[in-house]
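What follows is the residue order along each chain.
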Amino acid sequence: MRAHLIEIAAQDSAGDPATVRVCSVDDRALCHLDGEQWTPAIARLPKLRYDFFDGDFRGRIATPAASFALSAAPIADFADLRFAGAAVTIKSGTLGDAIGDFATRFIGVIDQEPGIADGRAELLAGADDDWLDAPLLETFAGTGGVEGPDDLEGTVKQLVFGACRFVPGTLIDATDLVYFICKPLEDVTAAYDRVATLGATTGDYADLAALLAADIAAGSWATCKAEGLVRLGAPPDGKVSFDVSGENGGSGGFVRLPGEIIGRIAEIAGGTVSTSNLDDLDTARPYNQS
């Protein structure tokens, strides 16, 4: 028989923690699972939504969500509890299993205070995605060096994932022809003036100072991958672009698979992800992204 557990980190009327633990079956073993008190008060089993793309090509992404109902009466001081913003975890397993055998189905936060009718409290939960509200990309400070001249202040620094062709650079030093691409870089495999390939790179340098001190022949170029920079040996005739293996600064190094890239974006932004879910995504869709 299937059994479900829901744990909610609610608060009491004074703002103190008041954890609510409920289960789906009135069974002694389940109600005292793992030494905790689980109240048999799930009135409607959780309904989970995992849709990532709704198919209508309108640019909207639906994040995971959960809805369920609780019987208010069995839960002590239910009317005094505050649920909005509370963390919630939903697990499921087989009746009689140990807590470690219950699979985590959903982790998120309660969206708002529940609506209560006929003694049932309807709750909605969504992904904890507040970290997505902050800007992801850094901007140039305009203080010179790798931060560019003052007229670049506030300009967004691009972020490159995967292997991309004809990536534009931001000119941060017009005198010495230094371009910023993305920091830090895995590699730059070609440089172009208009659509003509420039000569071979003269090598990679540890920092901007070493790159500026390098002797780079006209028609050639060099990199400082640690700072995401390329310097040309002579002024270009037209638009400059590069073939790039992009950002590699995260715990996973150079990333190309969709789950890897999602994980790296979350890492940069300070968000949380399910590593196992992203690994499963990469197994199901093992296609390099750029």
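Details of the structure are given in the entry above.
Presented here is an overview of the structure given in this document.

1. Quick look at the nonpolar core
Across soluble globular proteins, you tend to see nonpolar side chains buried next to one another.
Inference 1: Ranked by size, the top nonpolar core spans 24 residues in total, and within it Ile 8, Phe 68, Phe 83, Val 88 and Ile 110 carry the most contacts.
Inference 2: Those elements that place two or more of their residues in this core are β1 (2-11), β2 (17-23), β5 (65-71), β6 (87-94), β7 (103-110) and β9 (120-126).
Inference 3: Phe 83 has contacts with Ile 8, Ala 10, Val 20, Phe 78, Ile 110, Glu 113, Pro 114 and Leu 123, leaving out every residue within four places of it along the chain.
Inference 4: Among the nonpolar cores identified, the runner-up in size contains 16 residues, and Cys 164, Tyr 179, Ala 191 and Val 240 belong to it.

2. Section: the packing of aromatic side chains
Inference 1: Under the definition given, this model contains 4 aromatic pairs.
Inference 2: With a centroid separation of 4.6 Å and 40° between ring planes, the pair formed by Phe 166 and Tyr 192 is classed as tilted. You can see Phe 166 sitting in strand β10 (residues 163-168) and its partner Tyr 192 sitting in strand β13 (residues 185-193), a full 26 residues away along the chain.
Inference 3: Look at Tyr 179 and Phe 242: their rings are 6.0 Å apart centre to centre, the planes differ by 65°, and that puts the pair in the edge-to-face class. Residue Tyr 179 is found in strand β12 (residues 178-180), and its partner Phe 242 is found in strand β18 (residues 240-247); the two are separated by 63 residues along the sequence.
Inference 4: For Phe 242, a relative accessible area of 0% translates into the label buried.
Inference 5: The ring of Phe 180 is capped by Lys 157, whose NZ or CZ atom sits 5.9 Å from the centre of that ring.

3. A closer look at the environment of Arg 264
Inference 1: Tracing the sequence through the fold places Arg 264 in helix α3 (residues 258-269).
Inference 2: On the basis of relative accessibility, which here comes to 11%, the residue Arg 264 falls in the buried class.
Inference 3: Through-space distance from the C-alpha of Arg 264 to that of Asn 248 is 9.3 Å; in sequence the pair is 16 residues apart.
Inference 4: Aside from chain neighbours lying at most four places away, what touches Arg 264 is Phe 161, Glu 247, Gly 249, Gly 250 and Val 255.
Inference 5: Within the structure, Arg 264 has its side chain in polar contact with the side chain of Glu 267 (distance 3.0 Å).

The rules we used
- Per chain, residues are indexed from 1 in the order of the written sequence.
- Local features are withheld for residues below a pLDDT of 70 in this predicted model, meaning they are given only at 70 or higher, and side-chain atom pairs are given and counted only at 80 or more; totals for whole chains, interfaces and linings count all residues.
- To get the side-chain values, all heavy atoms of the structure are used, and hydrogens and water are removed first.
- Among the buried residues, those of types Ala, Val, Leu, Ile, Met, Phe, Trp, Tyr and Cys that are joined through side-chain atoms within 4.5 Å form a nonpolar core.
- To sort residues, take the accessible area from a 1.4 Å probe on protein chains only and compare it with the maximum for the residue type: under 20% means buried, over 50% means exposed, and anything in between is partly exposed.
- By definition, any uninterrupted DSSP run of H or I lasting at least four residues is a helix, any uninterrupted run of E lasting at least two residues is a strand, and each is numbered from the N terminus.
- In what follows, a contact means two residues having at least one pair of non-hydrogen atoms within 4.5 Å.
- What counts as a ring pair is set by centres within 6.5 Å for rings of Phe, Tyr and Trp (its six-membered ring), and what kind of pair is set by the plane angle: stacked under 30 degrees, edge-to-face over 60, tilted for all other angles.
- Over a ring means this: the NZ of a Lys or the CZ of an Arg is within 6 Å of the ring centre and within 35 degrees of the ring normal.
- Polar contacts, as used here, are pairs of N or O atoms within 3.5 Å; protein pairs need one atom able to donate a hydrogen and one able to accept it. Residues neighboring in sequence count only if both atoms are side-chain atoms.

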